[in-house]
Amino acid sequence: MSELNNIALKILEKGKGILAADESTGTMTKRLDGVNVPSTPQNRLLFRETLFSASGMTKYIGGVILYDETIKQQTSKKNLIPELILNMGSYPGIKVDTGAKVLAGSPDEKITEGLDGLRERLKEYYKLGAKFTKWRGVYNISKSYPSKLSVQSNAHALARYSALVQECGMVPIVEPEVLMDGDHSAKDCFSKTSEVIKKCFEELILHKVDLTGIILKPNMILAGNKSKDKISNEEVAKLTLECLKNSVPSEVPGIAFLSGGQSEIEATENLNLINKNNNTSFIMSFSYGRALQQGALKFWSKDIQNIEGTQKIFNHRAKMNTLAAQGKWSKNLEN
Ligand code: 13P
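Quantities reported herein were computed from a predicted structural model and do not represent experimental measurements.

*Asks:* Tell me what's going on with the overall build of the protein, and back it up with residues and numbers.
*Replies:* Helix and strand content of the protein: 13 helices and 10 strands. Against the compact-globule benchmark of 20 Å for 335 residues, the protein has a radius of gyration of 19 Å, which places it among compact chains. Across its three principal axes, the protein shows a C-alpha extent of roughly 50 × 50 × 40 Å. Counting all 335 residues of the protein, 58% fall into the buried class.

*Asks:* Can you lay out the packing of aromatic side chains for me, pointing to particular residues and giving the numbers?
*Replies:* This model, assessed by the stated rule, comprises 3 aromatic pairs. Each ring, one from Phe47 and one from Trp300, has its centre 5.0 Å from the other, and the planes form 50 degrees; the classification is tilted. Taken together, the residues Phe47 in helix α3 (residues 41-52) and Trp300 in helix α12 (residues 290-302) connect sequence positions 253 residues apart. Per residue, the accessibility class of Phe47 equals that of Trp300, and both read buried.

*Asks:* Outline the side chain of Ser194, listing residues and values.
*Replies:* Take Ser194: it is sitting in helix α9 (residues 186-206). Residue Ser194 is classed as buried on the basis of its relative accessible area, which comes to 9%. Among residues more than four places away in sequence, those in contact with Ser194 are Cys243 and Ser247.

*Asks:* Residues and numbers for the packing of helix α2 (residues 25-34) against α3, please.
*Replies:* Between two packed helices, what matters for the description is the angle formed by their axes and the separation of those axes. Where α2 contacts α3, the two axes come as close as 11 Å, and the packing angle between them is 80 degrees. Considered as vectors, α2 and α3 are oriented roughly perpendicular to each other. Residues Thr25, Met28, Thr29 and Leu32 of α2 form the contact with α3, whose own contacting residues are Arg44, Phe47 and Arg48. Residue composition of the contact of α2 with α3, by class: 3 nonpolar, 2 polar and 2 charged.

Calculation rules
All chains use their own residue numbering, which begins from 1 and follows the written sequence. Where local features are concerned, this predicted model is filtered to residues with pLDDT of at least 70; where side-chain atom pairs are given and counted, the filter is 80 or more; whole-chain, interface and lining totals use all residues. To obtain the side-chain values, all non-hydrogen atoms of the structure were used and water was disregarded. Secondary structure elements are defined from DSSP: runs of H or I of at least 4 residues count as helices, runs of E of at least 2 residues count as strands, and each element is numbered from the N terminus. When we talk radius of gyration, it's over C-alpha atoms, and the globule rule is simply 2.2 Å times the number of residues to the 0.38. Working definition: with a 1.4 Å probe on protein chains only, accessible area under 20% of the residue-type maximum means buried, over 50% means exposed, and in between means partly exposed. In this scheme Phe, Tyr and Trp rings, the latter by its six-membered ring, pair at centre separations within 6.5 Å, and the angle between planes marks the pair as stacked below 30 degrees, edge-to-face above 60, and tilted otherwise. Note on contacts: a residue pair is in contact if any heavy atoms of the two residues lie within 4.5 Å. All axes are obtained by fitting lines to C-alpha atoms, using only the stretch in contact for helices, and the reported angles, taken between N-to-C directions, cover 0 to 180 degrees. What sets the label is the angle itself: under 35 degrees gives roughly parallel, over 145 gives roughly antiparallel, 65 to 115 gives roughly perpendicular, and the rest give oblique. Residue polarity is assigned by list, with Asp, Glu, Lys and Arg as charged and Ala, Val, Leu, Ile, Met, Phe, Trp, Tyr, Cys and Pro as nonpolar; anything else, Gly included, falls into the polar class.

Put into structure tokens, the structure is as follows:
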């Protein structure tokens, strides 16, 4: 077994998942504005340190994705953040793309940037303790989108990123996110997501990426958030499994879903159903941002010194998702 495969399996072992705490300063400011907390470096650190030092980290969270600001910050006890995460029994990871920009040639779509100078930045993050990385490509669905250009160019970037990350001894999280914004049907989401993921693997293989040493982070198959024909959670699980079974090579050890705007309970319930019906060889777990942090953030914002109360909420959410990653969750456990 390769070292990269080991790391990927360790992150996702025993129902553990990933905490995506890699909001850029802009996105984090939006989240903090939403709960009326000033977005200062100290407050961003306080909230994140509160989560990273929660007891639930040890049993439920195998990896934490950090943002550049956080990986270089010191905890209140003067440790580096990656040390704190390692001490909690989890692996530190880092978002390395520099954001999605307007795609020249198709200005309604986005291309993710950050390849220039990436090899040098990766070396720095590796020295700081990162064991894995993340890069997110983003695609919107409409009648004519995602275009071939966006599917091709984002897959190319994800593959070049992954090859560089593995060269540096870290596990790349490959995140092609087909957004839920819009009035498209689940059927459209299914066909577009399949096309996007297949193209990603075509490029990953071309760039000689070791597929046993990556984690795929896809969206679930959902109807658009403005669509009239919603589908049941059972249907979400069935379509998601079918899509991944047909488009992901079997060497890939694990899949960790993004929550993408689903509510906390919805994201847990769908993951649980996926695992109850998992007829693939893949570990199916979570790499949630909002669906792991929303409740904790809301509670924390009322009294930012209430560390224990905030951690209790986070621990519960993390535990529910670990149960869901093993198909052992049920609604009555939420009370
Ligand atoms: P959400 O779970 O909030 O979609 O965030 C996951 C993520 O890392 C998006 O890039």
